[in-house]
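Fold and contact review
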Amino acid sequence: MSGTAALWATIVAVGALNYLSRLSFIALFARLEMPPLVARALRFVPAAMLTAIVVPAVVFRAPGMLDAGWTNPKVVAALAAAAVAWRWRSVTATMAAGMVALWLAQWALRTWVI
Amino acid sequence: MAAAVAVRRRPLPRHFSRPDFVAGIRDMTPPLIGIFPFGVVCGVAAQSVGLSAVEAVGMAMIVFSGAAQIVATQLIAAQAPVAVIVLTCFVVGLRFLMYSAAMAPHLKPLPARWRHVLAFVLTDQAFAAAIRRFRTAAQPGEGASYFLGTGAVLWAAWLASNLAGYFVGNVIPAAWSLEFIVPLCFLALLVPALDDGPTRVAALAAAVAVVVLDPLPMRLSLVCAGVVGIVAGLAAGRRGGSSQRGGG
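Residues numbered from 1 in each chain as written. Chains lettered and ligands numbered in written order. Predicted model: local features only at pLDDT ≥ 70, side-chain atom pairs only at ≥ 80, totals over all residues. Heavy atoms only, no water.

**Comments concerning the overall build of chain B**
Within chain B, the regular secondary structure consists of 14 helices and zero strands. The N-to-C order of helical and strand elements in chain B reads α-α-α-α-α-α-α-α-α-α-α-α-α-α. Its C-alpha radius of gyration of 20 Å places chain B within 12% of the 18 Å reference for a compact globule of 248 residues. Projected onto its principal axes, the C-alpha coordinates of chain B cover approximately 55 × 50 × 40 Å. (Helix = DSSP H or I, 4+ residues; strand = E, 2+ residues; numbered from the N terminus. Rg over C-alpha atoms; globule rule 2.2 N^0.38 Å.)

**Thoughts on the layout of surface pockets**
Approximately 540 Å³ is the volume attributed to the second largest pocket. If you go around the second largest pocket, you meet 30 residues; those closest to its centre are I131, R132, R133, L189 and P192 of chain B. Those elements that provide at least two residues to the lining of the second largest pocket are α3 (45-59) and α5 (91-113) of chain A together with α3 (18-28), α10 (124-136) and α12 (181-190) of chain B. Grouping the amino acids of the lining of the second largest pocket by side-chain chemistry returns 15 nonpolar, five polar and ten charged. (1 Å grid on protein atoms, 1.4 Å probe; cavity = no way out; pocket = protein on both sides within 12 Å on 5 of 7 lines; lining within 4 Å. Points joined across faces, edges and corners; volume = space filled by probe spheres on them. Nonpolar A, V, L, I, M, F, W, Y, C, P; charged D, E, K, R; others polar.)

**Section: the interface of chain B and chain A**
The partner chain A presents 67 residues to the 84 residues of chain B that form the contact. Regarding the contact of chain B and chain A, the summed buried area is about 6,700 Å², with carbon and sulfur atoms giving 77% of it. Summed over the shared surface of chain B and chain A, the result is two salt bridges. When grouped by side-chain class, the residues that make up the side of chain B that touches chain A number 57 nonpolar, 15 polar and twelve charged. (Contact = heavy atoms within 4.5 Å. Buried area = accessible area lost by both parts, 1.4 Å probe. Salt bridge = Lys/Arg side-chain N within 4 Å of Asp/Glu carboxyl O.)

**Description of the nonpolar core**
Grouped together as the largest cluster of nonpolar side chains are 92 residues, with contacts concentrated most on V45 of chain A together with M103 and F147 of chain B. The greatest single-element share of this core, amounting to eleven residues, is contributed by α3 of chain A. With near-sequence residues (within four places) excluded, V45 of chain A lies in contact with L50 of chain A together with M98, Y99, A102, F127 and I230 of chain B. Grouped together as the second largest cluster of nonpolar side chains are 19 residues, L51, I76, I85 and V92 of chain B included. (Core = buried A, V, L, I, M, F, W, Y, C linked by side-chain atoms within 4.5 Å. Buried < 20%, exposed > 50% of the residue type's maximum accessible area, 1.4 Å probe, protein only.)

**Focus on the pattern of salt bridges**
A full pass over the atoms with the stated rule returns seven salt bridges over all chains. Here E33 of chain A makes a salt bridge to K108 of chain B, at a shortest N to O gap of 3.8 Å. One end of the pair, E33 of chain A, is in the loop between α1 (4-31) and α2 (36-42); the other, K108 of chain B, is in the loop between α8 (95-107) and α9 (112-120), on a second chain. By relative accessible area, E33 of chain A is classed as exposed at 66%. The partly exposed category is assigned to K108 of chain B, whose relative accessible area is 32%. With its nearest N and O atoms 2.8 Å apart, the salt bridge here joins D124 of chain B to R95 of chain B. Of this pair, D124 of chain B sits in helix α10 while R95 of chain B sits in helix α8; the two residues are 29 residues apart in sequence, bridging distant segments of the chain.

**Describing the domain arrangement of chain A**
Parsing chain A into structural domains produces domain 1 (1-43) and domain 2 (45-114). One C-alpha centre belongs to domain 1 of chain A, the other to domain 2 of chain A, and the line joining them spans 32 Å. (Domains from an automatic or database assignment.)

Printed below as a string of structure tokens:
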């Protein structure tokens, strides 16, 4: 590919299809009645999708490198953050606890394990 | 005549709730600490493959999706055909179809222009925060205003972080691991969503599936694990007889 016009065409096309994916069912189900099975399935979208985003970010040390054990500081931090989220239901407290736990776990591993 | 004009002017104030809009901005501000490094990475990537500043900012403004921008940047650098770039970015963003369906019932009572604007800011973060607000909202306008607030602050921060990455480079030390704030934010929104047996089954199934399916290309493991989780949740709900609670 060459030229600024072709590059802009690509950017706009990527953006347009991206926007259409986001608009798709919002626009469709504004006109059509939602099938009951779909309505029941949608209840699980947040739980399933948020898990699918969180888990790889925690249990993979690097792309393709699975490490779900105690020696992975991100696992320790995620467990601490989940406990805080469960008890206090606060996004800010969860993020703060998770980051502090991550830094402590990284420091502890550097100090005692390696 | 005067009534017609008044009606035409009314829709925004009728649905717009300033306190909810402000609450959306406020709630999305702490997670920005984690989103900023991701935007910086996108800006650095755009700069390193030779995009101009205007092109880099244009991409951030129009595409407004970190994963799609990274993929598009890499494929532009590899001189891939336009069709390949566009389709790959579409596949990377397949989960937006699910978000869109989940948002649809909440946005249905609103005027079409609300739907058109809110669809543009339907990102992972805005979805996760706003879907929760809609469940407790007395009126759809409250949830929609909150959603608009989260989307607006995310979009502004996204542009700023992409620009910072483009012009300043990777100034945030990698050892700080600030990008980990993003999964922590999702975790904080996930835990309260696990409020009954079937949702926990859905989450567990999605967790296993996303690890098993990780080798799939184009981040397909994400959307496939989402589908596996939803099917598992439906099955658990049917077996447990708690499906009457569904539909929300």
